[in-house]
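Here's the letter readout for the chains.
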Amino acid sequence: MSTGEKALGSVANYVDERTGAAAWMKKNLNKVFPDHWSFMLGEVTLYSFIILLLSGTFLTFWFDPSQREVLYEGEYQPLNGLKMSAAYASTLHISFDIRGGLLMRQIHHWAALLFMAAMIAHLLRIFFTGAFRKPREFNWIIGVGLVTLGIVEGFLGYSLPDDLLSGTGIRIAEAILQAIPVVGTYLAFFAFGGAFPGEAFIPRIFTVHVLLLPGIFLALITVHLMLVWYQKHTQFPGPGRTEKNVVGYSLMPIYMAKAGGFFFIVFGITAFLSTVASINPIWLYGPYTPGQISAGSQPDWYMGWLDGLVRMSPPIETHAFGHTISWNILIPGLIVPGILFTGMALYPFIESWLTGDKREHHLLDRPRNVPNRTALGAMSLTFIVVTVINGGNDIIATNFSLTINQIMWASRIGIFVLPPLAFIITKRLCLSLQRADRDLVLHGKESGTLLRLPHGEFVEVHQPLNAHETFALTQHEQRPALVLPTFDDHGVKRPRAMLNKWRTRMSSAVSEQIQKPTPDDMKEIEHH
Amino acid sequence: MSREVAPLSDPGLPDHVHRKADTDPIAEKKAERQVALFFAFSALGTILFIYSYLFIHHDLFIFIPILGSTNAHQLFLGLGLTCSLLFIGMGAVHWAKYLMPDNEVIAHRHEFRSPENERADFIATVKEGAAASGLGRRSIIKRSLALSMGLVGLSPLLLLRDLGPLPEKQLETTSWKTGTRLVTDPGNRPIKPADLEVGAVAQVLPELVEGQERTLNNIGKDAVLLIRLRPEEFQLSPERLSWTHEGIIAFSKICSHMGCAVALYEQQTKHLLCPCHQSTFDVPRAAKVIFGPAARPLPQLAITLDSEGYLIAKQPFTEPVGPSFWERSS
């Protein structure tokens, strides 16, 4: 035994003598985690969050969250002698006078982009593999909350420097607030401490950005991880993996080394991107003034879908009884996002209502084996992609020699046509893939060897799958659709007949499958 | 009815495959050296970081292929940090993958639902507790509690009231008064029609009165675009035509959609375009919306000349400028 091992042993002893945690610690250090590349997406999100906390704390040491007007006399010559807010001036100071300040700003912004990207990729992984099913519905809802807060936190963060681009974003946010019927004008005046832009907004969003939201994030992430820990991680199906076990590696030492190392890898990659790829060069935008703007004003990518929705909305306003309702802002800015996020949060309950499945699930689905869900996911993604494309319509127009009108009309039509199309195509693709799986199990792999039979016919020799492969392709469950009769045994119409009829119909769509090979099918093959 | 069929029998976990480093001491030594090498690279990265921080001047630019002329201080600071972090991670992961035991472990899961007797106990305890509190029987307590709980949230909500003043008429008014001179932004110089050629655009603001300072709040409502066309190009109502002067027409620069500055003017088509959401306004037709999400034309400012020949506002804006709001009447 080396001295290092001895030392760790005595630390364990010291801790236990003061906490009595030996049994609990041993159990948790031996905790088993299944392994799959897609399980690291959540890890990347967590690590980016830690990077955000570290780099953000550094930035607060010099950032002055104030809209007080100052005269800039600093290192960056082109803006010398210009009046600007203290927030913008201090951001310039961090970028040009503090050694490593620019690097930290870049790391903070890159980590934020990565945080959102990893979080959404993680969410897609959870959705498409059905990891949100019972008992993990709470964690899904916490996740949807984290995505929502992440978008807000990112927006507030890049608004803080008070440059021309971010000020324009705040102006748009103010217009959305102001568009809310009845109370909108009041909400806007309370939020901004008066008319736009005022001098209260930057200090206020600073408090929200560095204190309130990170606090909520920490609390939600803690609960999120505790639930993962307590409920044990899901695993992909395969030979030897069941609903009753977890197959993987233990926390100590494998996962401690891998996850700890992976944190440094994520941090290193973020640092590399920040070194070679400069983003948000606020010194080029100039300080914010409501009378100016630059062409090609674009939000950060995770806001692009919202901007795209606002851009494509038709010019509808209602003027009646001395009041105005701006549907062109309300629908894309509040109503559609509200429906999207509420639908997302409720999805686990909707699915279990349609399948009638109230059991626990710890084995993940292969997306092809749940065609309806996969198609719904593809449909939602297509919706978002169309909106994001329209959010960049000015940039796309200049780069691809199109007119903005062409892209706008393509998106206005595409937003209604393409998502349903994506649903149908994806569902058919999933069913085809199921059919391919079935063929593979029943007829084996194509070996590429051609055989000439005595009577001259050519056939390709197929190699049967081994037991492990066959099991992996046939282990999934195919549930029948719900049957909810309209009339009961006495011929009396049951209550809520309409709802039940609709539920039955949806349920049969949800359970559409290609029959997987049965043991009988397999026996038949052996007799061939 | 059920399509569910008995699954095929589970053949169990595939056999464990040993890595080279598990069986071959030479491969094991090699993996060990690789891990050590990664950690050493990290240490070098930290040294590079310290060197760059202390000794590379922040004004030193060097040429790097692909990146072009690059600030050496920033570059080596970043690369140093990258190496110091990345190689720690790579070393640790390499160590875990090649040298730590990779035997798969099986742990058991248990259903979360508790055994029936425990559930019954739990539910009974909850019911007992509820009964002991007497909440069901003491309806006066229940109702008064509901009242106080319903009201208690009002105090913190009311505390937020002083976040800002009431809107009053602030959104409906601007600094433009009858006779206010138009001045250039930047420069604050009054303008004569001759200063503006046909096809030209200028951003103007109302002239400051003595002792007044220009605030961003003012600019956010007062910014106006002057555009000069040939008078015969206008397609305006007689009233609106009288608001122009010698082909010069003035519009609020604040977009009627979401308040961005409508700053892109296409001289050929005479369209004003908002860069935020691409609302397009046709200047000869009183900034009518011809494309995009804006629902209203840009408000037009009536202009004329004063006795000294400078452009002035004939009257204030006749409608609120900027994005719509609930109290807006038209």
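Visitor: What am I meant to see in the overall build of chain A here?
Guide: A tally of helices and strands in chain A yields 19 helices and eight strands. Oriented by its inertia axes, the alpha-carbon framework of chain A measures out at about 90 × 80 × 60 Å. Taken over 528 residues, chain A has a buried fraction of 40%. Put simply, 71% of the contacts in chain A that link residues at least 6 apart link residues at least 24 apart.

Visitor: Can you help me understand the overall build of chain B in this one?
Guide: A tally of helices and strands in chain B yields eight helices and 14 strands. Taking 330 residues into account, the globule formula puts the C-alpha radius of gyration at 20 Å, and chain B, at 37 Å, lies well above it. C-alpha atoms of chain B, sized along the principal axes, occupy 100 × 80 × 55 Å. Counting over 330 residues, chain B shows a buried share of 32%. For chain B, the share of sequence-separated contacts (at least 6 apart) that also reach a separation of at least 24 residues comes to 56%.

Visitor: It is not clear to me how the sheet that holds strand E4 (residues 182-184) of chain B should be interpreted in this structure. Could you clarify?
Guide: Strands pair in a sheet through their backbones, by hydrogen bonds, and they do so in one of two ways: parallel or antiparallel. All names here are of chain B. Spatial strand order, E4-E5-E6-E7-E12: five strands in an open sheet with antiparallel pairing. A strand with exactly one partner marks an edge of an open sheet, and here the two such strands are E4 and strand E12 (300-301). In the sheet, E4 pairs with strand E5 (residues 201-206) via three bridges, with the strands oriented antiparallel. Counterpart to Val 183 in the pairing with E5 is Leu 205.

Visitor: What am I meant to see in the confidence of the model for chain B here?
Guide: Interpretation of this model should avoid reading the predicted coordinates in detail wherever pLDDT is low. Looking at chain B as a whole, the pLDDT averages 91, with 98% of positions reaching at least 70. Prediction confidence for the complex, expressed as pTM and ipTM, is 0.93 and 0.91 respectively.

Visitor: How should helix H5 (residues 101-129) of chain A be read in this particular structure?
Guide: Because an α-helix completes one turn every 3.6 residues, residues spaced three or four positions apart along the sequence face the same direction. Under the 1.5 Å per step criterion, the end-to-end length of H5 of chain A is 41 Å for 29 residues, consistent within 8% with the ideal 42 Å. Of the residues trailing H5 of chain A, Gly 130 of chain A is marked for its positive phi of about 70°.

Visitor: It is not clear to me how the interface of chain A and chain B should be interpreted in this structure. Could you clarify?
Guide: Where interface size is quoted, it is often the accessible area lost as the parts come together. Taken together, the contacts link 97 residues of chain A with 84 residues of chain B. Broken down by class, the residue content of the side of chain A that touches chain B amounts to 46 nonpolar, 39 polar and 12 charged.

Visitor: Please explain the domain arrangement of chain B as it appears in this structure.
Guide: Here chain B is described as being made up of domain 1 (20-98) and domain 2 (182-313). Relative to domain 2 of chain B, the C-alpha centre of domain 1 of chain B lies at a distance of 57 Å.

Visitor: In this structure, what is going on with the sheet that holds strand E4 (residues 245-250) of chain A? I would like to understand it.
Guide: Within the open sheet, the three strands sit side by side as E1(A)-E4(A)-E3(B). Their pairing is antiparallel. The open sheet has two edge strands with one neighbour each: strand E1 (32-33) of chain A together with strand E3 (105-108) of chain B. As paired strands, E4 of chain A and E3 of chain B are joined by four bridges and run antiparallel to one another. Its bridge partner lying in E3 of chain B, Gly 248 of chain A is registered against Val 105 of chain B. Helix H10 (residues 251-276) of chain A contacts E1 and E4 of chain A of the sheet and is inclined by roughly 70° relative to E4 of chain A.

Visitor: Please explain unusual backbone geometry as it appears in this structure.
Guide: What you tend to see is this: most non-glycine residues have negative phi, and most peptide bonds are trans. That bond from Met 252 of chain A to Pro 253 of chain A is cis: its omega, 5°, falls within 30 degrees of zero. In this fold, Pro 253 of chain A is placed in helix H10. Note the cis peptide between Asp 185 of chain B and Pro 186 of chain B, where omega equals 0°. Summarising the element assignment, Pro 186 of chain B is placed in the loop between E4 and E5. Positive phi is not limited to glycine here, since Lys 232 of chain A has a value of about 65°.

Visitor: Whenever I open this one, the environment of Gly 304 of chain A confuses me. Can you help?
Guide: All names here are of chain A. With respect to the helices, strands and loops of the structure, Gly 304 is situated in helix H12 (residues 304-312). With 18 C-beta atoms packed within 10 Å, Gly 304 lands in the partly exposed category. Expressed as a C-alpha distance, the spacing of Gly 304 and Ile 407, which sit 103 residues apart in the sequence, is 15 Å. Aside from chain neighbours lying at most four places away, what touches Gly 304 is Pro 299, Val 388, Gly 391 and Gly 392.

Visitor: In this structure, what is going on with the environment of His 233 of chain A? I would like to understand it.
Guide: All names here are of chain A. Topologically, His 233 is positioned in the loop between helix H9 (201-231) and E4. Expressed as a C-alpha distance, the spacing of His 233 and Ala 131, which sit 102 residues apart in the sequence, is 9.3 Å. Beyond its immediate sequence surroundings of up to four residues, His 233 is in contact with Phe 33, Pro 34, Val 228 and Val 246.

Visitor: Teacher, can you tell me more about the nonpolar core here?
Guide: Soluble globular proteins tend to pack their nonpolar side chains together in the buried interior. If you look at the biggest cluster of nonpolar residues, it comprises 152 residues, and the most contacted ones within it are Phe 115 of chain A together with Cys 260, Val 262, Leu 301 and Ile 303 of chain B. Of the residues forming this core, the biggest block, 16 residues, is contributed by H5 of chain A. The next biggest cluster of nonpolar side chains, apart from the first, holds six residues, and it includes Ala 378, Ala 422, Phe 423 and Cys 430 of chain A.

Visitor: I keep staring at the pairing of strand E5 (residues 317-320) of chain A and nothing clicks. Help me out?
Guide: Residues and elements named next belong to chain A. Where E5 lies against strand E6 (residues 323-326), four bridges are found, and the strand directions are antiparallel. Among the inter-strand pairings, His 319 is bridged to a residue of E6, identified as Thr 324. Hairpin connection from E5 to E6: two residues lie between these consecutive antiparallel strands, with Phe 321 at a positive phi of about 50°.

Visitor: Just checking my understanding: could you explain the packing of helix H6 (residues 137-159) of chain A against H9 of chain A for this structure?
Guide: Helix packing for two helices is described by the angle between their axes and how far apart those axes are. All names here are of chain A. Running from N to C, H6 and H9 point in directions that differ by 155°, and their axes come no closer than 10 Å. As summarised for this structure, H6 and H9 are arranged roughly antiparallel, according to the angle between their axes. Note that H6 runs across H9; the crossing there is left-handed. Side by side, H6 and H9 meet where Phe 138, Asn 139, Ile 142, Gly 143, Gly 145, Leu 146, Leu 149, Val 152, Glu 153, Leu 156, Gly 157 and Ser 159 of the first sit next to Ile 205, Val 208, His 209, Leu 213, Ile 216, Phe 217, Leu 220, Val 223, His 224, Leu 227 and Val 228 of the second. When its residues are assigned to classes, the contact of H6 with H9 shows 15 nonpolar, seven polar and one charged.

Visitor: Would you take a moment to explain the pairing of E4 of chain A for this structure?
Guide: Both faces of the sheet carry side chains from a regular strand, because those side chains alternate between them. Judged from the two bridges that link them, E1 of chain A and E4 of chain A form a sheet pairing that is antiparallel. Pairing of Val 32 of chain A across the sheet is with Ser 250 of chain A, part of E4 of chain A.

Rules of the game
Residues numbered from 1 in each chain as written. Chains lettered and ligands numbered in written order. Predicted model: local features only at pLDDT ≥ 70, side-chain atom pairs only at ≥ 80, totals over all residues. Helix = DSSP H or I, 4+ residues; strand = E, 2+ residues; numbered from the N terminus. Buried ≥ 20, exposed ≤ 12 C-beta atoms within 10 Å, placed from the backbone. Contact = placed C-beta atoms within 7 Å. Rg over C-alpha atoms; globule rule 2.2 N^0.38 Å. Pairing = 2+ DSSP bridges. pLDDT = per-residue confidence, 0-100. Expected span 1.5 Å × (residues − 1). Nonpolar A, V, L, I, M, F, W, Y, C, P; charged D, E, K, R; others polar. Domains from an automatic or database assignment. Axes fitted to C-alpha atoms, helices over the stretch in contact; angles between N-to-C directions. Core = buried A, V, L, I, M, F, W, Y, C linked by C-beta atoms within 7 Å. Parallel < 35°, antiparallel > 145°, perpendicular 65-115°, else oblique. Left-handed = near helix turned anticlockwise from the far one by under 90°.

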